[in-house]
Structure formats: structure tokens, C-alpha cells
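Residue-level structure breakdown
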Amino acid sequence: MKSNELNFYKQFLAVGLLEDAENFRLTPTDDLHAPFPTGDKEDSFTLGAFVDDELAGVVSFERDGKDREKLRHKGILFRMYVSKDFRGQGVGQALILAVIERVRQIGTIEQINLTVIANNANAKKLYEKFGFKTFSSEEHAIKWKGKYFTEDQMALRL
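Below is a summary of the structure that appears in this document. Owing to the predicted nature of the structure, the values given are computational and were not obtained by experimental measurement.

Conventions we followed
- Residues numbered from 1 in each chain as written.
- Predicted model: local features only at pLDDT ≥ 70, side-chain atom pairs only at ≥ 80, totals over all residues.
- Heavy atoms only, no water.
- Buried < 20%, exposed > 50% of the residue type's maximum accessible area, 1.4 Å probe, protein only.
- Helix = DSSP H or I, 4+ residues; strand = E, 2+ residues; numbered from the N terminus.
- Pairing = 2+ DSSP bridges.
- Axes fitted to C-alpha atoms, helices over the stretch in contact; angles between N-to-C directions.
- Contact = heavy atoms within 4.5 Å.

Attention now moves to the pairing of strand S3 (residues 74-82). Taking burial as the measure, the 9 residues of S3 include 7 buried ones, the bulk of the element. Looking at chain direction, strand S2 (residues 54-63) and S3 are connected through 6 bridges and run antiparallel. Among the inter-strand pairings, Phe61 is bridged to a residue of S3, identified as Leu77. Judged from the 3 bridges that link them, S3 and strand S4 (residues 111-117) form a sheet pairing that is parallel. Across the sheet, the residue bridging to Gly75 is Ile112, located in S4.

A separate point is the sheet that holds strand S6 (residues 147-157). The pairing of strands in a sheet comes from backbone hydrogen bonds and takes either a parallel or an antiparallel form. One open sheet holds the 6 strands; their spatial order is S1-S2-S3-S4-S6-S5, and the pairing between them is mixed. Edge positions in the open sheet fall to strand S1 (44-51) and strand S5 (133-144), since each of these has one partner strand only. Within this sheet the neighbouring strands show an average axis-to-axis angle of 25°, counted without direction. For S1 and S2, the ladder comprises 8 bridges, and the chain directions are antiparallel. If you follow Ala49 over to S2, its bridge partner there is Gly57. Where helix H3 (residues 91-106) meets the sheet, its contacts fall on S1, S2, S3, S4 and S6, and the angle it forms with S1 comes to roughly 145°. Running at roughly 165° to S4, helix H4 (residues 121-129) makes contact with S3, S4, S5 and S6 of the sheet.

In C-alpha cells:
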């Protein structure tokens with residue numbers, strides 16, 4: 001990945017980390033010096049959605065257990081973010097569908113997992129539309145500015 005692409009991605013995501021801080025596990029400070037989240041491989045990738053040449057949303061996917069044979073049948077969808085300017089226009093749906101289709105082409109991944117803040121009703125509804133089901137909740141999973149957040153873990157069996 002070129003440094004200008006990394007900076008472009010980080011600048012876009014930083015807006016989400018600020019505007020929607022309560023819906024992410026990480027902060028702009030956490031992400032400041034972090035490497036790009038995926039490896040640009042068949043089973044480790046980040047996708048962007050563009051509307052009229054403007055980045056509207058991003059999502060990442062990585063196979064779980066990249067070095068553990070017993071976990072390689074599943075992966076995780078993470079860092080999903082759609083800019084407020086493009087919400088409600090199908091960008092999130094397109095990103096999730098693209099991840100699901102790409103993962104299905106791999107052929108050896110049977111399940112996609114994700115975590116979502118439990119009270120993020122719009123995100124949960126979107127994931128459920130594609131068949132993701134909640135299988136676990138963790139109370140006090142995140143603490144931010146003196147407030148606790150519950151996370152739901154969801155899975156889609158392919």
C-alpha cells in the first residue's frame with residue numbers, strides 16, 4: 001500500500017472515529033500510527049465505495065486464524081463506516097454484499113463474524129438484512145468518556 005493511499009484511508013476513517021465515536025472500538029489516537037488494517041490478499045482486504053469519485057464508505061475483512069488451522073473456516077468483518085453524507089443511499093448494503101460475495105468466492109470460509117454496539121439499531125438492522133444473527137452480547141465491552149457500551153457479536157453462516 002502506498003503511503004498516500006494509507007493517508008487517504010486514515011483521513012476518511014478519522015472523520016468517522018470522531019463523528020461516530022460511540023460506534024467504534026478505536027479512537028483516532030489508537031489509529032494514528034497503526035498500519036493499514038488488512039493485507040491486500042484474497043482473505044484479508046479492505047473495500048471502498050465511491051459515489052461520484054468521492055469515498056462514501058469503507059469496510060474491512062480478514063480471515064480469522066490466519067496462523068491457526070482450527071479457526072480458518074471463519075473471518076471477521078470490521079471497520080465498517082459510511083460517511084453521514086451518504087447514509088441511506090445503499091452504500092452500506094453495497095459494501096456488505098461485496099464482502100459476502102468476495103468471501104464466498106474464496107470457498108473455504110464458512111462464517112463471517114462482526115461486533116456492533118448493541119444500541120446501534122441502524123447498523124444491526126442492516127446486518128440482519130443480510131442474515132447476520134446475534135449470538136452473544138458483552139456488557140461493558142467498551143468504556144469511553146465515563147460511559148459503558150454493550151457489544152453484540154453477530155455471525156453470518158455462508
